[in-house]
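# Descriptive structure summary
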Amino acid sequence: MTTGLATMGIEEKLPSGILLTSVEKLSNWARKSSFWGATFGLACCAIEMMAAGGPHYDLGRWGMEVFRASPRQADLMIVAGRVSQKMAPVVRQIYDQMPEPRSVISMGVCASSGGMFNNYAIVQGVDHIVPVDIYLPGCPPRPEMLIDAILRMREKVMAAPLGPNGRKMLEARKAEGKAPEVDPWDMPSSYRVDKARRAEWIRAVKEGREEQLRIENWMKLQPHLREGKVT
């Protein structure tokens with residue numbers, strides 16, 4: 001205590017214009033603010049990916065207007081379309097050529113699970129070839145859905161430990177109870193922005209009743225259903 005005022009910490013001693021952070025948070029902030037995608041597409045989902053990068057949807061608003069022709073300059077792989085057995089080694093080679101840290105989005109049901117192509121020629125899920133960070137459903141997903149997946153990928157990057165073994169370190173933190181019980185990117189934005197609703201969602205996840213919570217909150221907005229009057 002000094003002259004009746006409590007000293008709050010080193011922040012009180014710093015001049016204005018100086019921020020304190022960790023190297024990990026600074027590095028993750030730089031990564032999430034400048035994703036560079038690898039330029040390649042496999043099927044019809046690639047058309048939606050191209051539309052997301054066009055002027056109407058404008059991925060450049062989030063620092064992603066540059067798709068790199070060389071995988072050595074890219075840190076985000078968007079698997080847009082079905083993966084054939086003949087294409088699988090090529091996809092893996094592109095992934096191996098990308099520098100760490102790198103991320104993968106599986107775009108569309110065909111890339112995620114084989115989709116309607118349940119046969120010997122198509123890989124039944126690209127996660128048999130490369131580790132996937134985010135699965136994006138749809139056939140094909142709209143550009144808005146891809147942009148939402150990328151924004152969730154940004155949140156995931158911000159919470160990732162620094163280094164090539166980030167996934168293993170994050171799993172270790174969860175095992176030790178040092179990581180959040182619900183990952184930020186797994187929580188709907190309407191719950192994430194409000195502290196009370198965020199706690200409500202975490203409690204529902206523990207009880208395994210996320211969808212029931214969604215329905216209950218939707219019912220609260222429908223007075224005619226709440227009163228039992230269906231017109």
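Residues numbered from 1 in each chain as written. Predicted model: local features only at pLDDT ≥ 70, side-chain atom pairs only at ≥ 80, totals over all residues. Heavy atoms only, no water.

Now for the packing of aromatic side chains. As enumerated under the stated definition, the model contains zero aromatic pairs in all. The lysine or arginine in question, Arg68, covers the ring of Trp36, its NZ or CZ lying 4.6 Å from the ring centre. (Phe/Tyr/Trp six-rings, centres within 6.5 Å; stacked < 30°, edge-to-face > 60°. Lys NZ or Arg CZ within 6 Å of the ring centre and 35° of its normal.)

Turning our eyes to something else, we now look at the pairing of strand 3 (residues 76-80). Burial analysis of strand 3 places five of its five residues in the buried class, which makes it a mostly covered element. Residues of strand 3 alternate between two faces, with Leu76, Ile78 and Ala80 on one and Met77 and Val79 on the opposite face, all of them buried. (Buried < 20%, exposed > 50% of the residue type's maximum accessible area, 1.4 Å probe, protein only. Helix = DSSP H or I, 4+ residues; strand = E, 2+ residues; numbered from the N terminus.)

Take the confidence of the model for the protein chain next. It should be kept in mind that the predicted coordinates are not to be read in detail where pLDDT is low. Chain-level pLDDT for the protein chain is 77 on average; 75% of the residues reach the 70-or-more range. Low pLDDT (under 50) marks residues 1-7, which in the prediction has three contacts with non-local residues, meaning those over four places away or in another chain. (pLDDT = per-residue confidence, 0-100. Contact = heavy atoms within 4.5 Å.)

Excluding glycine, most residues fall at negative phi; most peptide bonds, likewise, are trans. The omega torsion across Glu100 and Pro101 is -5°, close enough to zero to call that bond cis. Counting through the fold element by element, Pro101 comes out in the loop between helix 3 (88-97) and strand 4 (103-107). For the peptide bond that leads from Cys139 to Pro140, omega is -10°, which places it in the cis range. Examined against the element boundaries, Pro140 turns out to sit in the loop between strand 5 (134-136) and helix 5 (143-158). In this structure, Asp58 is a non-glycine residue whose phi angle is positive, near 60°. With respect to the helices and strands, Asp58 occurs in the loop between helix 2 (45-53) and strand 2 (67-68). Look at Asp58 and you get partly exposed, because its relative accessible area is 31%.

Time to look at the nonpolar core. If you look at the biggest cluster of nonpolar residues, it comprises 21 residues, and the most contacted ones within it are Met107 and Leu146. With six residues, helix 5 is the single largest residue contributor to this core. In contact with Leu146, not counting residues within four places along its chain, are Met49, Ala52, Ile78, Met107 and Leu136. One finds Ala38, Val91, Met98 and Ile129 within the second-largest nonpolar core, a separate group that totals 19 residues. (Core = buried A, V, L, I, M, F, W, Y, C linked by side-chain atoms within 4.5 Å.)

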